[in-house]
Amino acid sequence: MQLIRLPAQSPAFAERFVRSIKSECLDHLILVGERSLRRAVDEFCAHYHHERNHQGLENKLIEANFAAGEAGELRCRRRLGGLLRYYHSKAA
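Residues numbered from 1 in each chain as written. Predicted model: local features only at pLDDT ≥ 70, side-chain atom pairs only at ≥ 80, totals over all residues. Heavy atoms only, no water.

Asks: Tell me what's going on with the overall build of the protein, and back it up with residues and numbers.
Replies: A tally of helices and strands in the protein yields 2 helices and 2 strands. Start at the N end of the protein and walk to the C end: the helices and strands fall as α-α-β-β. When each of the 92 residues of the protein is scored for burial, the buried share is 18%. Counted over contacts in the protein with a minimum sequence separation of 6, partners at least 24 positions apart contribute 34%. Accessible area for the protein stands at about 7,400 Å²; split by element, carbon and sulfur atoms hold 53% of it. (Helix = DSSP H or I, 4+ residues; strand = E, 2+ residues; numbered from the N terminus. Buried < 20%, exposed > 50% of the residue type's maximum accessible area, 1.4 Å probe, protein only. Contact = heavy atoms within 4.5 Å. Areas by Shrake-Rupley, 256 points an atom, 1.4 Å probe, with all protein chains shown as cover.)

Asks: Can you tell me about the confidence of the model for the protein, naming the residues and giving the values?
Replies: Counting all residues, the mean pLDDT for the protein is 79, and 79% of those residues have values of 70 or more. For the protein, strand β2 (residues 84-89) is the element with the lowest average pLDDT, namely 80, and helix α2 (residues 34-50) is the one with the highest, namely 91. (pLDDT = per-residue confidence, 0-100.)

Asks: Give a detailed account of the pattern of salt bridges, specifying residues and quantitative values.
Replies: Going through the model one piece at a time under the given rule, you end up with 3 salt bridges. A salt bridge links Arg-38 to Glu-34, with the nearest nitrogen and oxygen atoms 2.7 Å apart. One end of the pair, Arg-38, and the other, Glu-34, are both in helix α2, 4 residues apart, so they sit about a helical turn from each other. For the pair formed by Arg-38 and Glu-34, the shared burial category is exposed. Its salt-bridge partner being Arg-79, residue Glu-43 comes within 3.0 Å of it at the nearest N-O pair. Of this pair, Glu-43 sits in helix α2 while Arg-79 is found in strand β1 (residues 74-79), placing the two residues 36 residues apart along the sequence. Take Glu-43: its relative accessible area is 23%, and that puts it in the partly exposed class. (Salt bridge = Lys/Arg side-chain N within 4 Å of Asp/Glu carboxyl O.)

Asks: Help me get a handle on the pairing of β2, residues and values and all.
Replies: As defined by bridge partners, β1 adjoins β2 across 6 bridges and the pair is classed as antiparallel. What sits directly across from Arg-78, in β2, is Arg-85. The turn joining β1 and β2, which pair antiparallel and follow one another in sequence, is formed by 4 residues; a positive phi near 55 degrees is taken by Leu-80. (Pairing = 2+ DSSP bridges.)

Asks: Describe the packing of helix α1 (residues 11-24) against α2, listing the residues and the values that go with them.
Replies: In a packed pair of helices, the relevant descriptors are the angle between the two axes and the axis-to-axis distance. Packing of α1 against α2 leaves a shortest axis separation of 11 Å and a crossing angle of 115 degrees. The angle between α1 and α2 places the two elements in the roughly perpendicular class. Relative to α2, α1 is oriented so that their crossing is right-handed. Contact with α1, carried on its side by Phe-17, Ser-20, Ile-21 and Glu-24, involves Val-41, Phe-44, Cys-45 and Tyr-48 of α2 and no other residues of that element. (Axes fitted to C-alpha atoms, helices over the stretch in contact; angles between N-to-C directions. Parallel < 35°, antiparallel > 145°, perpendicular 65-115°, else oblique. Left-handed = near helix turned anticlockwise from the far one by under 90°.)

Asks: An account of the nonpolar core is requested, with residue identities and associated values reported.
Replies: Ile-21, Cys-25, Ala-40, Phe-44, Tyr-48, Leu-80 and Leu-84 together form the largest nonpolar core, which totals 7 residues. In terms of residues, this core owes the most to one element, α2, which gives 3 residues. Non-local contacts of Cys-25, meaning those with residues more than four positions away in its chain, are made with Ser-20, Ala-40, Phe-44, Leu-80 and Leu-83. (Core = buried A, V, L, I, M, F, W, Y, C linked by side-chain atoms within 4.5 Å.)

Take a look at the structure:
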């Protein structure tokens, strides 16, 4: 068997994202109309790119918004009524 690396635009990446958004977000919400769906997708995408660690990236964030090694008070950022949570420390 041979390992083949797929490009980022391949269907496997899209399938993984769809499975993630369904299992982590949409399956837990009651959506009423297109506006609530769009808000949920926008919030999940922001969480996915800035706050959620990824196993394929060695449990790192895609776009980190903080400096490594910050110390200080622990904070929790909640999205979608607390469904998505991101814990971070505020710089001292």
